[in-house]
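An overview of the molecular structure
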Amino acid sequence: MLQKSQAGAQAGAADRADHAQATSHVLRVEGLGKVFDGRSAVKDLSFSLQAGRILGLLGPNGAGKTTTIRMLTTVLEPTSGAFWIDGLASSRPDAIRRRMGVLPESLGFPKKITGLELMVYYGQLYGFDQRKARQNGLALLEAVKLRPRAHSLIGSYSRGMRQRLGIARALIHDPVVIFLDEPTLGLDPRGQKELLALIRSIARERMIGVVFCSHDLPEVSTLCDDVVILREGTVVAAGTVGEIVRKSRGNVVRIRVPAQAAQEAAQLFHGISGVMLVSPAEESGWIEARPADAPGDGEQDRLLGNRMLDVLIRAQIPVLGLQAEGGSLQDVFFELTDEEHADGYASVSVH
Ligand SMILES: Nc1ncnc2c1ncn2[C@@H]1O[C@H](COP(=O)(O)OP(=O)(O)OP(=O)(O)O)[C@@H](O)[C@H]1O
C-alpha cells in the first residue's frame, strides 16, 4: 500500500512527471539488464508497448524471458536500465505494481473455495469493500466466461478454467498491462483457441497492453501484434509480426519444368538479380531457389516466384509444377536463434 507521507507526495509528483513523459506507451523499457554472479542474463533490453496491443516475448530456453518478466513484474531488481508502466518508473515498485496484472506460469489456487470467493478475497486485498469486491468479481468472471461456474469450487475447474480465473484475478485492479507467462501450456486445442480469443478481446476492449510469453510460435503469430525475440539475453529482432516475418530467409520457390529444359531454365534464373539457386536442376525438372541476400527487401523476396515465372514465360518454357513457401515467424525464430545464421538481421523498433 502507498503511504500518505511527504516522501509519498514527492514520489507522486515525480510519478506524474514521468507519466507526462510517456503517456503514449503503457510499458516502456530502456536498457534493462540483469547480471547473475558476473554473468549477464539480460543485456540492454529496450522496447515499448502501446495500450491495446499484444507483445510476444520469445526466445529459446535460457534466453532471458523469465528474468525479463521477473524484472518487469518487480520480483527481481534490474542491474541496469529502467522501465515505466503507465508512465510510472521502475524505481517505484509499489506504485507500478498497482498498474500491472500477472498470470504466472504455474498457478497455485486454493481448491476448496469458489471462483467468486477467490475474486472477492483479492478484491478486498486491493481495498474494495465486500459489496464492491463481489460486484467486480462477478463482472470479471462474466468477462472470462466463468460466470456460470462462479459458485463452483476451484478444485472442480479444468486447467483452461483455472487459467481464465487467473486472468480475471490479474484484472481485478484495472491494470494497464498484464503479463501472461505461457498461459496456454497444457490446454487442448479448443481450450487454447478460446483462451487466445479471450486474451485478444481483453486487450482490445479494455485497452490493456499484454506481454505474452510462449514457446508456441504459430500461437504467437496468430495472437501477437508485436514480437521481441531474445537470444542469450540480447534482442535479436523486434517489430510487428509482419515486419519480422518479412525478414525471413524462408521464402523458397520450387518450380518444375520439363527435364530437357531444366538447364536452360536454371541459367535464366541465374540471371535474375537477388535469386539464389538452392540446388542444381534435378533430373525430374524441379529447380529450387530462394532470395540471395538476407535480410532482403521483404516485398522483393515475396515476388521471387513471380520473377522466376516471368523468365520462363518469356522463354516459352512450360511450367509443370510450382511450390512457394512463405517465411513464417517460426523460420525467423530458428534463423535468429541458431548461432550459425544469426548475423545480418537488423532490428526494427516496436511501436
Ligand atoms: N537466479 C538465478 N541465478 C543465476 N542465474 C540465473 C538465475 N535465473 C536465471 N539465471 C540464468 O539466466 C539466464 C536466463 O534464464 P531465464 O530463466 O531468464 O531464461 P528463459 O528464457 O526464461 O528460459 P526458459 O525458456 O527455459 O524458461 C540463464 O542462463 C539462467 O541460467
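Residues numbered from 1 in each chain as written. Predicted model: local features only at pLDDT ≥ 70, side-chain atom pairs only at ≥ 80, totals over all residues. Heavy atoms only, no water.

What about the packing of aromatic side chains?
Scanning the entire structure with this criterion turns up two aromatic pairs. Their ring planes at 80° and their centres at 5.2 Å tell us that tyrosine 121 and tyrosine 122 sit as a pair that is edge-to-face. Aromatic side chains phenylalanine 333 and phenylalanine 334 sit 5.9 Å apart centroid to centroid with 75° between the ring planes, which places their arrangement in the edge-to-face category. A relative accessible area of 10% means that phenylalanine 333 is categorised as buried. Taking the relative accessible area as the measure of exposure, phenylalanine 334 reaches 48% and is therefore partly exposed. Its end group placed over the ring of phenylalanine 128, lysine 132 keeps NZ or CZ at 5.4 Å from the ring centre. (Phe/Tyr/Trp six-rings, centres within 6.5 Å; stacked < 30°, edge-to-face > 60°. Buried < 20%, exposed > 50% of the residue type's maximum accessible area, 1.4 Å probe, protein only. Lys NZ or Arg CZ within 6 Å of the ring centre and 35° of its normal.)

Focus on the environment of arginine 246
Topologically, arginine 246 is positioned in the loop between helix H9 (241–245) and strand E11 (252–256). You can call arginine 246 partly exposed: its relative accessible area is 37%. In sequence terms arginine 246 and leucine 76 are 170 residues apart; their C-alpha atoms lie 35 Å from each other. (Helix = DSSP H or I, 4+ residues; strand = E, 2+ residues; numbered from the N terminus.)

A word on the sheet that holds strand E6 (residues 100–103)
Hydrogen bonds along the backbone pair up the strands of a sheet, which may run parallel or antiparallel. The sheet built from six strands is open, its strands ordered E6-E7-E8-E3-E9-E10 with mixed pairing. One side of each edge strand has no neighbouring strand; the edge strands of this open sheet are E6 and strand E10 (234–240). Averaged over all neighbouring strand pairs, the angle between strand axes comes to 15°, with direction disregarded. Where strand E3 (residues 54–58) and strand E9 (residues 226–231) come together, four bridges link them in parallel fashion. Paired with leucine 58 across the two strands is isoleucine 229, which belongs to E9. On the sheet, helix H6 (residues 159–170) packs against E6 and strand E7 (177–181) and is oriented at approximately 165° with respect to E6. (Pairing = 2+ DSSP bridges. Axes fitted to C-alpha atoms, helices over the stretch in contact; angles between N-to-C directions. Contact = heavy atoms within 4.5 Å.)

What about the confidence of the model for the protein?
Per-residue confidence for the protein gives a mean pLDDT of 84, with 84% of residues at or over 70. With pLDDT under 50 throughout, residues 340–351 is counted as low confidence; its partners more than four residues away or in other chains account for 43 contacts. Both scores are given for the predicted complex: the pTM is 0.76, the ipTM 0.97. (pLDDT = per-residue confidence, 0-100.)

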